Amino acid sequence: DAGVIQSPRHEVTEMGQEVTLRCKPISGHDYLFWYRQTMMRGLELLIYFNNNVPIDDSGMPEDRFSAKMPNASFSTLKIQPSEPRDSAVYFCASRDRGGRQPQHFGDGTRLSIL
Amino acid sequence: DAKTTQPNSMESNEEEPVHLPCNHSTISGTDYIHWYRQLPSQGPEYVIHGLTSNVNNRMASLAIAEDRKSSTLILHRATLRDAAVYYCILGLFSGYALNFGKGTSLLVTP
């Protein structure tokens, strides 16, 4: 079975550029989560969706970050303009609606802003 | 939010059992205990979860203290592939985010 698919795996760009990270959740999963991992702050939740609707975006650092889920099989996390402090590994996760289901994570996008 | 306390690191020999402790003295009655692990350069991976009773699955066992203020993840025979950061997380299941702490970095030596 295909797991959560993230693209690109690595992104290097210059400060001020727009960055778009993509995620394809596991088919049939109702919840989608975006996390960010840095050495200083560890893994932290940015936003999560339920049935394509954003439920909690309190972890989004500032207005430069935006996330969308136009359909059940695709989500994007956009940073515009990017800054060096946005450098991190960004993970997407999804989970099924039923009962006590765990979250399934992708392999992440390693983002470096120069 | 209830907090967890885990040792920063632990070391084990290959093919020996590993007991990873987690303290959660402020756990609420509805909090599940979740364990995830993160192998190098990968996303976190679900290991096991429990509420009150001990749990077993193909990956590990979870022993929960009677007062639920602590728990232990047990890897019955550590392999080199089990070297990872192990996270003990409290919380509900339904859609809620996982609050990852620092975790325990497990080193497995041949």
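Conventions we followed
- Residues numbered from 1 in each chain as written.
- Chains lettered and ligands numbered in written order.
- Predicted model: local features only at pLDDT ≥ 70, side-chain atom pairs only at ≥ 80, totals over all residues.
- Heavy atoms only, no water.
- Helix = DSSP H or I, 4+ residues; strand = E, 2+ residues; numbered from the N terminus.
- Rg over C-alpha atoms; globule rule 2.2 N^0.38 Å.
- Buried < 20%, exposed > 50% of the residue type's maximum accessible area, 1.4 Å probe, protein only.
- Pairing = 2+ DSSP bridges.
- Contact = heavy atoms within 4.5 Å.
- Buried area = accessible area lost by both parts, 1.4 Å probe.
- Polar contact = N/O pair within 3.5 Å; in protein donor to acceptor, adjacent residues only side chain to side chain.
- Nonpolar A, V, L, I, M, F, W, Y, C, P; charged D, E, K, R; others polar.

1. What to know about the overall build of chain A
When its secondary structure is counted, chain A shows zero helices and 11 strands. From first element to last, N terminus to C terminus, chain A shows the α and β order β-β-β-β-β-β-β-β-β-β-β. Here chain A has a C-alpha radius of gyration of 13 Å; the compact-globule value for 114 residues is 13 Å, and the two agree. Counting all 114 residues of chain A, 48% fall into the buried class.

2. Considerations on the sheet that holds strand β7 (residues 70-75) of chain B
Residue and element names in this part refer to chain B. Taken together, the four strands give an open sheet; going across it, the order is β2-β7-β6-β5, and neighbouring strands pair in antiparallel fashion. Either end of the sheet is taken by a strand with one partner, and the two such strands are β2 (18-23) and β5 (55-56). Two elements, β5 and strand β6 (residues 61-64), share two bridges in a ladder whose sense is antiparallel. In the sheet register, N56 faces β6, and the bridge partner there is S61.

3. Points about the interface of chain B and chain A
Each partner contributes to the interface: chain B provides 18 residues, whereas chain A provides 19 residues. Across the chain B to chain A interface the summed buried area is about 1,500 Å²; carbon plus sulfur atoms make up 54%. In this assembly, chain B and chain A are joined by three residue pairs in polar contact (both at pLDDT 80 or more). Going through the elements one at a time, β3 (32-38) and β4 (45-50) of chain B are the ones with two or more residues in the side of chain B that touches chain A. Here the side of chain B that touches chain A gets three residues from one element, more than from any other, and that element is β3(B). By residue class, the composition of the side of chain B that touches chain A is 10 nonpolar, seven polar and one charged.

No statement about biological role is implied by the geometric values presented.
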